[in-house]
Protein chains: 2
Amino acid sequence: MNDSEEPTSGRGATGAGKARPKRADARRNEKTLLDAAAAVFVASGVDAPVRDIAARAGVGMGTIYRHFPTRADLIIAVYRHQVEACAAAGPELLAASASPHAALAQWINLFVDFLVTKHGLASVLRSDEPGFDALHSYFLDRLVPVCGQLLKAAAQAGEVRSDLRPLELMRGVGNLCIGADTDPRYDARRLVEVLVAGLRK
Amino acid sequence: MNDSEEPTSGRGATGAGKARPKRADARRNEKTLLDAAAAVFVASGVDAPVRDIAARAGVGMGTIYRHFPTRADLIIAVYRHQVEACAAAGPELLAASASPHAALAQWINLFVDFLVTKHGLASVLRSDEPGFDALHSYFLDRLVPVCGQLLKAAAQAGEVRSDLRPLELMRGVGNLCIGADTDPRYDARRLVEVLVAGLRK
DNA sequence: TAACTATACGGAGCGATGTTCCGCTTCGCA
DNA sequence: TGCGAAGCGGAACATCGCTCCGTATAGTTA
């Protein structure tokens, strides 16, 4: 596919005309912005103000918003690689593991580790906050099918109940991870483990 | 206890001097504000702007903030009765039910019903949002002990695993309820049910 | 090399929101 | 009836996400 970090959707919306390549400074700034955003997210959490990211990258607000139409798009771009990796791990685990339920559990662990290590990502994943639909949708669109595959395999093996949709499971796991990074008394991993245990028939 | 709806903490902070009673108009306004807030919360969700509540009550911003130092304090005051009722239901269920695990499950259902019917309450319950510590703390302080009692009874009866702290269970259940009111595809009740099932030894 | 134009940039500014501040009003007591 | 303290209203402040538009520059072309 297109290997450049494009914000949200393919750009070739209007007809077949091949899109003009971006100017050199624009490409440079996009990279700079992604790096700055990643650094700021680590330092201050995913909720960090857009202004901080712009300042860190040494660019103006306008620049950030031309490259990433929305705060959510920037977050998506920063974590796209890791989400893709997580999605790819699903089938691999299923193939490598003897029991589908074990594969499901391992895959969910992967997802939880990802969420828990990104300060505030889980919080921002919940749909309600306006403007974050794109973020929510991206995660769900990408991961729900994978989860569905694992869940279906486990259900067919008779290992788990079959009345739970992958969407619900994913959102449940995501929700359980909220706040795991700010309160040491709250161990999201363990709760997710309990949830996954509850899946068993 | 003190039957007046006091914002956050007992007011008699400074020494033993008995606090002067509030002026009549102040008491009236407090009631008006609580009613207005409850109505606005139902209509627009718990995230409704403070200005809307002030407008609905026909008072200025200053008035709201003198009675409730923070948006969170107002939310607490509005839902205090129901939270207390939920807390009181714990021991009753434990006494009435044959199996402690069943009592726990029923009690959690009560809590989930409460959360799910208040638009946006669950979202606002997560600690991270600054200024909402009070809300988070109130719910936890009030309900965690009750949950602990039920959990302990169930553990002692050998019905559930004993390595999960009540705080974690409560936060997990609360988190699972986030977004249940905005997305019909997400059934929080069922997920909580799965979680509670996972508690079983 | 020198114009010239599409592209990109910067940051002031807008609208929303939570919260604070302070001059004015009103209650309730003497 | 007067007066001080309690209470009130809402303008104003700080912080957000995001938009707009005048200016700068990359890259092309003569």
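Residues numbered from 1 in each chain as written. Chains lettered and ligands numbered in written order. Predicted model: local features only at pLDDT ≥ 70, side-chain atom pairs only at ≥ 80, totals over all residues.

Right, let's talk about the overall build of chain A for a bit. Each helix and strand in chain A was counted, giving nine helices and zero strands. Start at the N end of chain A and walk to the C end: the helices and strands fall as α-α-α-α-α-α-α-α-α. Overall, the C-alpha framework of chain A stretches about 55 × 45 × 30 Å when taken along its three principal axes. In chain A, buried positions account for 38% of the 201 residues. Of the contacts made within chain A by residues no fewer than 6 positions apart, 65% connect residues no fewer than 24 positions apart. (Helix = DSSP H or I, 4+ residues; strand = E, 2+ residues; numbered from the N terminus. Buried ≥ 20, exposed ≤ 12 C-beta atoms within 10 Å, placed from the backbone. Contact = placed C-beta atoms within 7 Å.)

Counting 111 residues, the largest nonpolar core has V173 of chain A together with V173 of chain B as its most contacted members. When sequence neighbours within four positions are dropped, the list of residues in contact with V173 of chain B reads I108, F111, V112, V192 and L195 of chain B. (Core = buried A, V, L, I, M, F, W, Y, C linked by C-beta atoms within 7 Å.)

Moving on: the protein's contact with DNA strand D. What surrounds DNA strand D is a group of 24 residues, the closest being A24 of chain A together with N29, V59, G60 and G62 of chain B. Those elements giving two or more residues to the surface near DNA strand D turn out to be α1 (24–44), α2 (50–57) and α3 (61–67) of chain A together with α1 (24–44) and α3 (61–67) of chain B. In terms of residue count, the dominant contributor to the surface near DNA strand D is α3 of chain B (four residues). Grouping the amino acids of the surface near DNA strand D by side-chain chemistry returns eight nonpolar, seven polar and nine charged. (Near = placed C-beta within 6 Å. Nonpolar A, V, L, I, M, F, W, Y, C, P; charged D, E, K, R; others polar.)

All right, on to the relation of the copies chain A and chain B then. Mapping chain A onto chain B calls for a screw motion: a turn of 179° about the axis and a shift of 0.0 Å along it, with 0.1 Å RMSD after fitting. Both copies are brought into coincidence by an operation consistent with a two-fold rotation axis. Taking C-alpha positions as reference, the residue of chain A nearest the rotation axis is G198 of chain A, located at 1.7 Å. In this assembly, 100% of the residues forming the interface of chain A have copies in chain B that are likewise at the interface, indicating an isologous arrangement. (Least-squares fit on C-alpha atoms with pLDDT ≥ 70 in both.)

Moving on, we come to the interface of chain A and chain B. By a widely used convention, the size of an interface equals the accessible area lost when the partners come together. The interface of chain A with chain B comprises 26 residues on the first partner and 26 residues on the second. Those elements that provide at least two residues to the side of chain A that touches chain B are α8 (166–176) and α9 (188–199) of chain A. Grouping the constituent residues of the side of chain A that touches chain B by class yields 10 nonpolar, eight polar and eight charged.

It is worth spelling out the protein's contact with DNA strand C at this point. Taken together, 24 residues surround DNA strand C, and among them N29, V59, G60 and G62 of chain A together with A24 of chain B come closest. Counting only elements with at least two residues in the surface near DNA strand C, the list comes to α1 and α3 of chain A together with α1, α2 (50–57) and α3 of chain B. Broken down by element, the residue count for the surface near DNA strand C peaks at four residues, all from α3 of chain A. For the surface near DNA strand C, the residue count by class is eight nonpolar, seven polar and nine charged.

Before going further, it helps to spend a moment on helix α8 (residues 166–176) of chain B. For α8 of chain B, a buried count of nine out of 11 residues is recorded, marking the element as mostly surrounded by other parts of the structure. Looking at the packing, one finds that the buried side of α8 of chain B touches α8 and α9 of chain A together with α5 (100–117), α6 (121–125), α7 (133–156) and α9 (188–199) of chain B.

This paragraph deals with the environment of R165 of chain B. Looking at the secondary structure, you find R165 of chain B in the loop between α7 and α8. C-alpha of R165 of chain B to C-alpha of L151 of chain B: the two residues are 14 residues apart in sequence and 8.4 Å apart in space.

This part is about the packing of helix α4 (residues 71–96) of chain A against helix α7 (residues 133–156) of chain A. Residues and elements named next belong to chain A. Remark: α4 packs on α7, axes separated minimally by 9 Å, with the N-to-C direction vectors making an angle of 5°. Considering the angle they form, α4 stands roughly parallel to α7. Contacts between α4 and α7 involve A72, D73, I75, I76, V83, C86, A87, G90, P91 and L94 on the former and, on the latter, A134, L135, Y138, F139, R142, L143, V146, Q149, L150 and A153. Considering only residue class, the contact of α4 with α7 consists of 16 nonpolar, two polar and two charged. (Axes fitted to C-alpha atoms, helices over the stretch in contact; angles between N-to-C directions. Parallel < 35°, antiparallel > 145°, perpendicular 65-115°, else oblique.)

Here we take up the environment of F68 of chain A. All names here are of chain A. Structurally, F68 is set in the loop between α3 and α4. For F68, a count of 24 C-beta atoms within 10 Å corresponds to the buried category. Sequence-wise, F68 and L33 are 35 residues apart; in three dimensions their C-alpha atoms are separated by 9.6 Å.

Moving on, we get to the packing of α7 of chain B against α8 of chain B. Residue and element names in this part refer to chain B. Two numbers describe how α7 lies on α8: the axes approach to 8 Å, and their chain directions differ by 115°. Classified by the angle their axes make, α7 and α8 are roughly perpendicular. Handedness of the crossing formed by α7 with α8: right-handed. Seen from α7, the contacting residues are L140, L143, V144, C147, G148 and L151; seen from α8, they are P166, L167, L169 and M170. Partitioning the contact of α7 with α8 into residue classes produces nine nonpolar, one polar and no charged. (Left-handed = near helix turned anticlockwise from the far one by under 90°.)

Residue and element names in this part refer to chain A. Compared with an ideal rise of 1.5 Å per residue, which puts 24 residues at 34 Å, α7 spans 32 Å between its outermost C-alpha atoms and is within 8% of the ideal. Taken together, the buried positions of α7 are occupied by L135, H136, Y138, F139, L143, V146, C147, L150, L151 and A154. Where α7 terminates, the next one or two residues include G158, which has phi positive at roughly 75°. (Expected span 1.5 Å × (residues − 1).)

What follows is about the confidence of the model for chain A. Here chain A averages 91 in pLDDT, while 91% of its residues score no lower than 70. Of the regions scoring below 50 in pLDDT, residues 1–17 of chain A engages in 15 contacts with residues more than four places distant in sequence or in other chains. (pLDDT = per-residue confidence, 0-100.)

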